[in-house]
Amino acid sequence: MNIPEIKLVMLPETEEAQAAIGYKWNDIAETRHFIGGKPKSLNDSDYPICKQCNEKMTFYAQIDSIGDKFDLADCMVIHNFICFDCFTVHAELSQI
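Everything numeric in this text was worked out from a predicted model, so none of it was measured. (Residues numbered from 1 in each chain as written. Predicted model: local features only at pLDDT ≥ 70, side-chain atom pairs only at ≥ 80, totals over all residues. Heavy atoms only, no water.)

*Asks:* Give a description of the overall build of the protein chain that names residues and reports values.
*Replies:* Each helix and strand in the protein chain was counted, giving one helix and five strands. For the protein chain, the spread of C-alpha atoms along the three principal axes comes to 45 × 25 × 20 Å. Contacts in the protein chain between residues at least 24 apart in sequence constitute 56% of all its contacts with a sequence separation of at least 6. In the structure as shown, the protein chain presents an accessible area of about 6400 Å², 55% of it carried by carbon and sulfur atoms. (Helix = DSSP H or I, 4+ residues; strand = E, 2+ residues; numbered from the N terminus. Contact = heavy atoms within 4.5 Å. Areas by Shrake-Rupley, 256 points an atom, 1.4 Å probe, with all protein chains shown as cover.)

Shown next as C-alpha cells:
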C-alpha cells in the first residue's frame, strides 16, 4: 500500500518552540518532513518486515531533524513504518 505524499510544515506556536528550530550551518535539514510517498534514500526492498505477522510494512512518514539543539545524529531523519494488518509500528534513523 502506498500513501500519497503530504508535505508537513513546522509551525512553532511559542517562543520556546521557535528557538528550538533551525540550523546555523545547514539550510536543508528541518525541511524534509512528510507523510506518505516514498522515503528518501530507501528502496522498497529496504522496507522492514513486520515482526508480528511477517508482512512488508508500509512507509508512513519521514520526520526530519529540527535544529542544532535537537539534531538527530548529524541531520538524520526518522523513517516511520506501519503494518496495516496488525498495526505494529517501526521507526529507524537514516542518513539522507
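Okay, back to it.
*Asks:* Account for the state of the cysteines, with residues named and values stated.
*Replies:* Applying the stated criterion to the full structure yields zero disulfides. Free cysteine: cysteine 53, not disulfide-bonded; nearest cysteine sulfur from cysteine 83 at 3.4 Å. (Disulfide = S-S within 2.5 Å.)

*Asks:* Explain the environment of valine 77 to me, and be specific about the residues and the numbers.
*Replies:* Relative to the elements of secondary structure, valine 77 occurs in strand β4 (residues 77-82). In sequence terms valine 77 and isoleucine 63 are 14 residues apart; their C-alpha atoms lie 5.5 Å from each other. Beyond its immediate chain neighbours, meaning those up to four positions away, valine 77 contacts Arg32, Gln62, Ile63, Asp64, Glu92, Leu93, Ser94 and Ile96.

*Asks:* Tell me about the packing of aromatic side chains, and name the residues and values.
*Replies:* Enumeration according to the criterion identifies four aromatic pairs in this entry. Ring centres of phenylalanine 59 and phenylalanine 81 lie 5.7 Å apart, and the angle between their planes is 70 degrees; on these two criteria the pair is classed as edge-to-face. Taken as a pair, phenylalanine 59 in strand β3 (residues 58-64) and phenylalanine 81 in strand β4 lie far apart in primary sequence, 22 residues in all. Since its relative accessible area comes to 2%, phenylalanine 59 is described here as buried. For phenylalanine 81, a relative accessible area of 2% puts it in the buried group. The rings of Phe34, Tyr47, Phe59 and Phe81 are connected pair by pair, giving a single aromatic cluster. Its guanidinium or amino end placed over the ring of tyrosine 47, lysine 56 lies 5.2 Å from that ring's centre, counting from NZ or CZ. (Phe/Tyr/Trp six-rings, centres within 6.5 Å; stacked < 30°, edge-to-face > 60°. Buried < 20%, exposed > 50% of the residue type's maximum accessible area, 1.4 Å probe, protein only. Lys NZ or Arg CZ within 6 Å of the ring centre and 35° of its normal.)

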